[in-house]
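A look at the structure
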Amino acid sequence: MAFAAESTKERNEAASGLAAPAVIVEAVHKSFGNQHVLDGISLTVARGKTLAMLGRSGTGKSVLLRLIIGLEKPDTGSLQVLGRSLAGLTLDELGEVRLKMGFLFQNGALYDSMSVGENVAFPLRHHRHGLSNAEIVDRVKQLLDEVGMSRHLEKMPASLSGGMRKRVGLARALALDPEILLLDEPTAGLDPISSGEIDDLVLKLKTERKMTSVVVTHDMHSARTIADRLALLNHGRVAIEGTFDDLKQSQDPFVVEFLKHS
Amino acid sequence: MSSPGLTAAAGASPLEPEQKTFAQPAGPGLIFGFFEWFGDLGVFLWRVARAAVTPPYEWGELVRQLDETGAMSLPLVVMAGTAIGVVLSMEARYSLSRFGAKSLFPATLVYSVIQVMGPIITGLVVAGRVGAGIGAELASMKVTEQIDAIEASALNPYRFLAAPRILACILMLPLLTLAADISALMMGWVAQALVEPLSFRQFIDAGFAAAKFSAFLPPTFKTCVYGFIIGSIACFNGMRTRGGAEGVGRSATSSVVLGSLFVILADVVLVKFILVVFP
């Protein structure tokens, strides 16, 4: 398949040092009990590019994101992030890799004992020891401004809507200026305007900061807007990977069916 | 730095499988579940120990937990001590009177409070209040992915969450025990003085007359072990929670039940140990 060949080509380029992909997922299997979620999945995400992962619910998209940031461990197969294999890393070593990644959880995962501002400041206070309190406050305001939440600095997470929590979660994910951004359904539950603002932000991060993004989404419009490549997952494998036009031209019955309902 | 104990931490095996409690083993049998639970607890404690002794140290979080465990538990512990002091005073007076040994009342009260009742009552009260609090808090953080968010922020949750809570329990239990002892003795004396005239000075002099200072140190400091048990079990249960609100409730309950049970079992061992080592 042309897309698989391209994926292999990118991996070969990485091996020869011509290009260093941000993320390489190689033949990864992952099960939870009797449930086989990922079935030998392989993917490559080039630096500075955005990959959107699509597929039916329960096909392992979010699990793959968690594997990339090391929150889950593959049963078999390997993962490399920014040229570093995740296999056998200690929590502290994994922390060094995670410092270069930002993760937006599906429901925001805000710390409910902290205000919005404290949530965004949390990674800065623990990893940017050189910053003064005033600098941290300025940075927090700037991040919240980027996601349209600067007016809600003092609010507690419990008083926020689902969409607002997600936007604060995105600001927190961007706090350490990561090289890779992992987004788990960033636009789900958002109104069209907020959804468009998140898309614009991801595009801006790609253009201005050359940020690599891996986005799990069911929103085809969003995927088409922000992603350079799309990967459609089915039964724990990549059914097809390529540009939106590649997907549109596919004759694969699953791809045709999926696009018909998107 | 390579630490074998943490090597498998990506994916954190003892925290990730479906929740299995000691009371409800999910393995093929009770014995399997029993050993699996203790095995997971051992791995968890090893990770906490490794995280606790390596920098960076979470001093701010430790201070917050000292306040949460110590200051917030103080009123409850004092009230429990007060009640125990009054009950012991009434029971001791009645029993000693029957045997014509009323003169032994102060010493009986002092020994029974400081060596037996103060430590165990404090342990059980803290197991209830702090054990449930830690278990529910961490369980709630786990099911809402807040612990994952801490990990994703490149922080070690064993260092940031578990170590300060366990250490706070270890440090605060002896101090809370002293508070329980003092309130129990004070109210024990008041209960006695209301019935028969007995000055506080007489009560203290008679109570501590035959006692050595060292006789009171081991029973007070054995509560450090209680603190370790309460904090460890609550953090362990909380951080491996699965299953939404039901899982949170299950973790809080099992933290209290198992914490209290192991405190009582530890008391049996520690009393024997103290009698042998400090005869």
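Residues numbered from 1 in each chain as written. Chains lettered and ligands numbered in written order. Predicted model: local features only at pLDDT ≥ 70, side-chain atom pairs only at ≥ 80, totals over all residues.

1. Considering the overall build of chain A
- What chain A contains, in helices and strands, is 10 helices and 10 strands.
- Relative to its length of 262 residues, chain A is compact, with a C-alpha radius of gyration of 18 Å against a globular reference of 18 Å.
- Counting the 262 residues in chain A, one finds 47% classified as buried.
- Counting contacts in chain A only where the partners sit at least 6 residues apart, residues at least 24 apart contribute 66% of the total. (Helix = DSSP H or I, 4+ residues; strand = E, 2+ residues; numbered from the N terminus. Rg over C-alpha atoms; globule rule 2.2 N^0.38 Å. Buried ≥ 20, exposed ≤ 12 C-beta atoms within 10 Å, placed from the backbone. Contact = placed C-beta atoms within 7 Å.)

2. Description of the overall build of chain B
- Counting secondary structure elements, chain B contains 11 helices and zero strands.
- Seen in sequence order, chain B has helices and strands lined up from the N terminus as α-α-α-α-α-α-α-α-α-α-α.
- Counting over 279 residues, chain B shows a buried share of 47%.
- Long-range contacts, defined as pairs at least 24 residues apart, comprise 86% of the intrachain contacts of chain B with a sequence gap of at least 6.

3. Points about the packing of helix α2 (residues 30–53) of chain B against helix α7 (residues 157–193) of chain B
All names here are of chain B.
- Following both chains from N to C, one finds α2 and α7 inclined at 95°, their axes separated by 9 Å at the closest point. With respect to their mutual orientation, α2 and α7 come out roughly perpendicular. Across the interface between the two elements, R47, V48, A51 and A52 from α2 touch Y158, R159, A162, A163, I166 and L167 from α7.
- Considering only residue class, the contact of α2 with α7 consists of eight nonpolar, no polar and two charged. (Axes fitted to C-alpha atoms, helices over the stretch in contact; angles between N-to-C directions. Parallel < 35°, antiparallel > 145°, perpendicular 65-115°, else oblique. Nonpolar A, V, L, I, M, F, W, Y, C, P; charged D, E, K, R; others polar.)

4. Things to note about the interface of chain A and chain B
- Every contact between the two is made by 24 residues of chain A and, on the other side, 19 residues of chain B.
- Mapped by element, the contributors of at least two residues to the side of chain A that touches chain B are α3 (91–98) and α4 (116–127) of chain A.
- Tallied by class, the residues present in the side of chain A that touches chain B amount to 13 nonpolar, seven polar and four charged.

5. Section: the sheet that holds strand β3 (residues 50–55) of chain A
Residues and elements named next belong to chain A.
- In space, the six strands of this open sheet follow the order β6-β7-β8-β3-β9-β10, with mixed pairing throughout. Looking along the sheet, the strands with just one partner apiece sit at the ends: β6 (101–104) and β10 (237–242). For this sheet, the mean angle separating the axes of adjacent strands, direction not counted, is 15°.
- Examined bridge by bridge, β3 and strand β8 (residues 212–216) share four bridges and lie parallel to one another. Directly across from A52, in β8, lies its bridge partner V215.
- Packing of helix α2 (residues 61–68) onto the sheet brings it into contact with β3, β7 (180–184), β8 and β9 (229–234), and relative to β8 it is tilted by some 150°.
- Running at roughly 170° to β6, helix α6 (residues 162–174) makes contact with β6 and β7 of the sheet. (Pairing = 2+ DSSP bridges.)

6. Observations concerning the environment of I180 of chain A
- Positionally, I180 of chain A belongs in strand β7.
- Not counting chain neighbours up to four residues away, the residues in contact with I180 of chain A comprise A22, V23, V81, K100, M101 and T212 of chain A.

7. Description of the confidence of the model for chain A
All names here are of chain A.
- Looking at chain A, pLDDT values average 88 and 93% of them are 70 or higher.
- Across residues 1–7, confidence stays below pLDDT 50; counting only partners more than four residues off in sequence or on other chains, it has eight contacts.
- A low-confidence stretch, residues 13–18 (pLDDT under 50), is modelled with six contacts involving residues beyond four sequence positions or located in other chains. (pLDDT = per-residue confidence, 0-100.)

8. Examining the packing of helix α5 (residues 105–143) of chain B against helix α11 (residues 244–277) of chain B
Residue and element names in this part refer to chain B.
- At their nearest, the axes of α5 and α11 sit 8 Å apart, and the two run at 150° to each other. Relative to α11, the element α5 lies roughly antiparallel. For the pair α5 and α11, the sense of crossing is right-handed.
- Of the residues belonging to the contact of α5 with α11, the class tally is 12 nonpolar, 11 polar and one charged. (Left-handed = near helix turned anticlockwise from the far one by under 90°.)

9. So, the environment of G196 of chain A
- With respect to the secondary-structure elements, G196 of chain A resides in helix α7 (residues 192–209).
- The spacing of G196 of chain A and T225 of chain A is 29 residues in sequence and 9.3 Å in space, taken between C-alpha atoms.

10. A closer look at the pairing of strand β1 (residues 23–32) of chain A
Residue and element names in this part refer to chain A.
- The sheet contact formed by β1 and strand β2 (residues 35–45) spans eight bridges and is antiparallel. Within β2, the residue paired with S31 across the bridge is H36.
- In sequence, β1 turns back onto β2 through a hairpin of two residues, with G33 there showing a positive phi of about 65°.
- Bridging between β1 and strand β4 (residues 76–81) involves five bridges; their strand directions are antiparallel. Bridging from a neighbouring strand, H29 pairs with T76 of β4.

11. Structural notes on the nonpolar core
- Formed by 142 residues in total, the largest nonpolar core has its most connected members in M53, I68, A171 and L182 of chain A together with I230 of chain B.
- Residues contacting I68 of chain A, with those up to four places away along its chain left out, are V23, L79, V81, L182 and V214 of chain A. (Core = buried A, V, L, I, M, F, W, Y, C linked by C-beta atoms within 7 Å.)

12. Looking at the sheet that holds β2 of chain A
Residues and elements named next belong to chain A.
- Spatial ordering of the open sheet is given by β2-β1-β4-β5, a layout of four strands whose pairing is antiparallel. Sheet topology places β2 and β5 (84–85) at the edges, where each strand pairs with a single neighbour.
- The sheet strands contacting α2 are β1, β2 and β4, and the helix crosses β1 at an angle near 120°.

13. Some thoughts on unusual backbone geometry
- In this model, P55 of chain B is joined to P56 of chain B through a cis peptide bond whose omega is 0°.
- Looking at where P56 of chain B falls in the secondary structure, it is placed in the loop between α2 and α3 (59–71).
- In this structure, A27 of chain A takes a positive phi of about 50° despite not being glycine.
- Counting through the fold element by element, A27 of chain A comes out in strand β1.

14. Some points on the confidence of the model for chain B
Residues and elements named next belong to chain B.
- Chain-level pLDDT for chain B is 87 on average; 90% of the residues reach the 70-or-more range.
- Low pLDDT (under 50) marks residues 1–23, which in the prediction has 52 contacts with non-local residues, meaning those over four places away or in another chain.
- Among the prediction metrics, the complex's ipTM stands at 0.86, with pTM recorded as 0.83.

15. Considerations on α2 of chain B
- An ideal rise of 1.5 Å per residue puts 34 Å on 24 residues; α2 of chain B measures up with 35 Å between its terminal C-alpha atoms.
- Every buried residue belonging to α2 of chain B is among W37, F44, R47, V48, R50 and A51 of chain B, and all of these are buried. (Expected span 1.5 Å × (residues − 1).)

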